[in-house]
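Overview (structure and organization)
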Amino acid sequence: MKISPKPLLLLAATLGLAACESTREGLFGPSAPPAGSQGFVRGFLGGVASEEPSASAVARAVLSAGGTAGDAAAAAGFMLAVTLPSRAGLGGGGACVVYHPRRDAPEALIFMPGARQGGTATADRPAAVPMMARGLFALTTRMQGARPFEELIAPAEQMARFGAPASRALVADLAVVGGALLADPNARAVFTRPDGTALRVGDTFTNTPLGGTLTALRTQGVGDMHQGGFARRLTELVPAAGGGDMTLGELRAALPALGPALVREAGGGDRIGFLPLDGGLAAAAGYAALASGQSAEQAQARALAVAAASRSGQGSNAEALLAQADLPPGSFPALPASTALTVFDRQGGAVACIFTMNNLFGTGRMAPGTGMLLAAAPGLGAVQPPLAAAAIGWNPTLRAFRMAVAASGQQAAPMAVAGPLAAQMRRRLEPIYAVVDNSPEPGRTQLGACPGYLPGRPQECQAVSDPRGLGVALGAVD
């Protein structure tokens, strides 16, 4: 199912503007400001859960600096482009469910790696149109960011230039792709040790060209990647990396889409807003099956049937598709990799995101001189988008946040969202047990939950990263 773009004149205009405010050294510079200094908060901060430790750390730092959940998620997204480029990057994109406590319901922000309009006939590894930077800027705009956007790029920029630790998540993905990725000389320069072997856990690696690209985005603005000098460079560099001829028209037209989330009742006045993509529809179907008393196996079968029907185009209307009881069983080949992130802030704002390159390390090729891996173009050859599953629970009467959940894990991702949602929202299971006992393999859930609502009882809030995975949850008090 496709979400129809809603015209956002302000958003579209600001996406084209260049950034002009320099980063404030006090936020992510060499030393943190003293306790109680202006711009930093103490006490309850919110929480973050992601699949890579550096991304969680930078998101928590943004929350500590008084940033919104959107600010923190954007900073984490840029960091993932440096520290987990196998699953997230400037050449890729993602999708988020966004909840602002002053709005009536969660919204869906879609910025998946863009489909190509042509120019791939001679490409050996067709590249997607980059969407990540514009999507992250739109995220902070929609969440009425409290920190300058340039400031959110700076930590990733510094990490790329001066060294990032190779996490278990990155090294595990490197082990899967093996020599295929390292055949690209630009990738080999980043992801190998001095002796030519692949990075090991704890190694420090740099990506100086990516640091330069992030500097350009920070100083020139994300619009430069789509309609400025950097865009013109990409039209030359993408073909050089085997990604096909990419036009300025394709880059200029690549705008995030904003629309309503798919809303379902959760009992007790609570509601859930699901991501209105096939993975989100599958999560909604799985949640409904669990709520009706079906087993986890039955719910999984129903979720995959809905996902398959949506992906095949059988239902352009989500409500009509979810109402069909006689859908054929769904089956999927191996789907591409993704990574999940959830953040909630002290005001009760929340974000649940999925990021992807449409394949591990995308095309496996870097645009020369940029340090930027190119995502694989969707719908070409065997490349399919991941089942992007994310959701946010809230109470519209109280205007209060209850729960945010997003998951990776290929075909298990929808139930890795639906299972913990049902366990916490309906059965009031503790958040950690909601994840451990209700997220099927190979699903990996990232969850933020406030059983007593937020604003309300922040002492009950928890952030949980699936303990079977390689991520980290941080918060909620400084």
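This text follows the structure it describes.
Residues numbered from 1 in each chain as written. Predicted model: local features only at pLDDT ≥ 70, side-chain atom pairs only at ≥ 80, totals over all residues. Heavy atoms only, no water.

1. Points about the overall build of the protein chain
To be explicit about the condition: Secondary structure elements are defined from DSSP: runs of H or I of at least 4 residues count as helices, runs of E of at least 2 residues count as strands, and each element is numbered from the N terminus. Throughout, exposure labels follow a simple rule: accessible area from a 1.4 Å probe, protein chains only, divided by the maximum for the residue type, with under 20% read as buried, over 50% as exposed, and the rest as partly exposed. Contact between two residues is taken to exist if any of their heavy atoms lie within 4.5 Å; hydrogens are not considered.
Within the protein chain one finds 18 helices and 17 strands. Based on the C-alpha atoms only, the size of the protein chain along its principal axes is roughly 55 × 55 × 45 Å. Looking at the protein chain residue by residue over its 478 residues, the buried ones come to 60%. Sequence-distant contacts in the protein chain: of pairs separated by 6 or more residues, those separated by 24 or more amount to 72%.

2. Brief notes about the layout of surface pockets
Applied cut-off: Lining residues are defined by having an atom within 4 Å of a point belonging to a cavity or pocket. Those points lie on a 1 Å grid over the protein atoms alone, cavities being sets where a 1.4 Å probe fits but cannot get out and pockets being open sets with protein on both sides within 12 Å along at least five of seven lines. Grid points are joined across faces, edges and corners, and a volume is the space filled by probe spheres set on the points. In this classification, Asp, Glu, Lys and Arg are treated as charged, Ala, Val, Leu, Ile, Met, Phe, Trp, Tyr, Cys and Pro as nonpolar, and every other residue, Gly included, as polar.
Taken as a whole, the second largest pocket encloses approximately 540 Å³ of empty space. Considering every element that reaches the lining of the second largest pocket, the biggest residue donor is helix 7 (residues 168–177), with four residues. Here the residues of the lining of the second largest pocket are counted per class, giving 13 nonpolar, 10 polar and five charged.

3. What about helix 6 (residues 149–162)?
Buried residues dominate helix 6, accounting for 11 of its 14 residues. The set of residues buried in helix 6 consists of Phe149, Glu150, Glu151, Leu152, Ile153, Ala154, Pro155, Ala156, Glu157, Met159 and Ala160. Two residues or fewer past helix 6, glycine 163 is found with a positive phi of approximately 125°.

4. So, the sheet that holds strand 13 (residues 389–395)
Rule in force here: Note on pairing: DSSP must find at least two bridges between two strands before they are called paired. In this analysis, axes come from line fits to C-alpha atoms, helices being fitted only over the stretch in contact, and the angle between any two N-to-C directions falls in the range 0 to 180 degrees.
The strand order across the open sheet built from six strands is 7-8-13-14-15-16, with neighbouring strands paired in antiparallel fashion. Pairing within the sheet leaves two strands with one partner each, and these edge strands are strand 7 (262–267) and strand 16 (462–465). Neighbouring strand axes in the sheet, compared pairwise and without regard to direction, differ in orientation by 15° on average. Relative to strand 15 (residues 444–454), strand 14 (residues 400–408) runs antiparallel, the two being bridged by seven bridges. Across the sheet, residue methionine 403 finds its bridge partner in strand 15, namely alanine 449.

5. Focus: the pairing of strand 2 (residues 93–99)
In terms of residue burial, strand 2 counts as a mostly covered element, since seven of its seven residues are buried. Side-chain alternation along strand 2 places Gly93, Ala95, Val97 and Tyr99 on one buried face and Gly94, Cys96 and Val98 on a second face that is also buried. By the bridge criterion, seven bridges tie strand 2 to strand 10 (residues 350–356) in an arrangement that is antiparallel. Each residue of the ladder has a partner; that of valine 98, found in strand 10, is valine 351. Pairing geometry for strand 2 and strand 3 (residues 107–111), over five bridges, is antiparallel. Each bridged residue has a counterpart across the sheet, and for cysteine 96 the counterpart in strand 3 is leucine 109.

6. What about the pairing of strand 7?
The pairing of strand 7 with strand 8 (residues 270–274) spans five bridges and is antiparallel. Note that in strand 8 the partner of leucine 262 across the bridge is phenylalanine 274. Taken together, strand 7 and the strand that follows it, strand 8, pair antiparallel across an intervening segment of two residues, in which glycine 268 is found at a positive phi of about 65°.

7. Remarks on the state of the cysteines
We apply this condition: Here, a disulfide means two cysteine sulfur atoms that sit within 2.5 Å of each other.
Tallied over the entire structure, the rule returns two disulfides. A sulfur-sulfur separation of 2.1 Å characterises the disulfide bridge that pairs cysteine 96 with cysteine 353. Taking the sign of the S-S torsion, 105° for the link of cysteine 96 and cysteine 353, the bridge is right-handed. Here cysteine 353 lies in strand 10 and cysteine 96 lies in strand 2, a separation of 257 residues in the sequence. For cysteine 450, the disulfide goes to cysteine 461, at an S-S distance of 2.1 Å. The sign of the S-S torsion, about 115°, decides the handedness of the disulfide formed by cysteine 450 and cysteine 461: right-handed. Of the two residues, cysteine 450 sits in strand 15 while cysteine 461 sits in the loop between strand 15 and strand 16, which places them 11 residues apart along the sequence. Of the two residues, cysteine 450 and cysteine 461, neither departs from the other in class, the shared state being buried. Taken in sequence order, the bonded cysteines of the protein chain link in the pattern 1-2, 3-4.

All we've got here are geometric facts, nothing functional implied.
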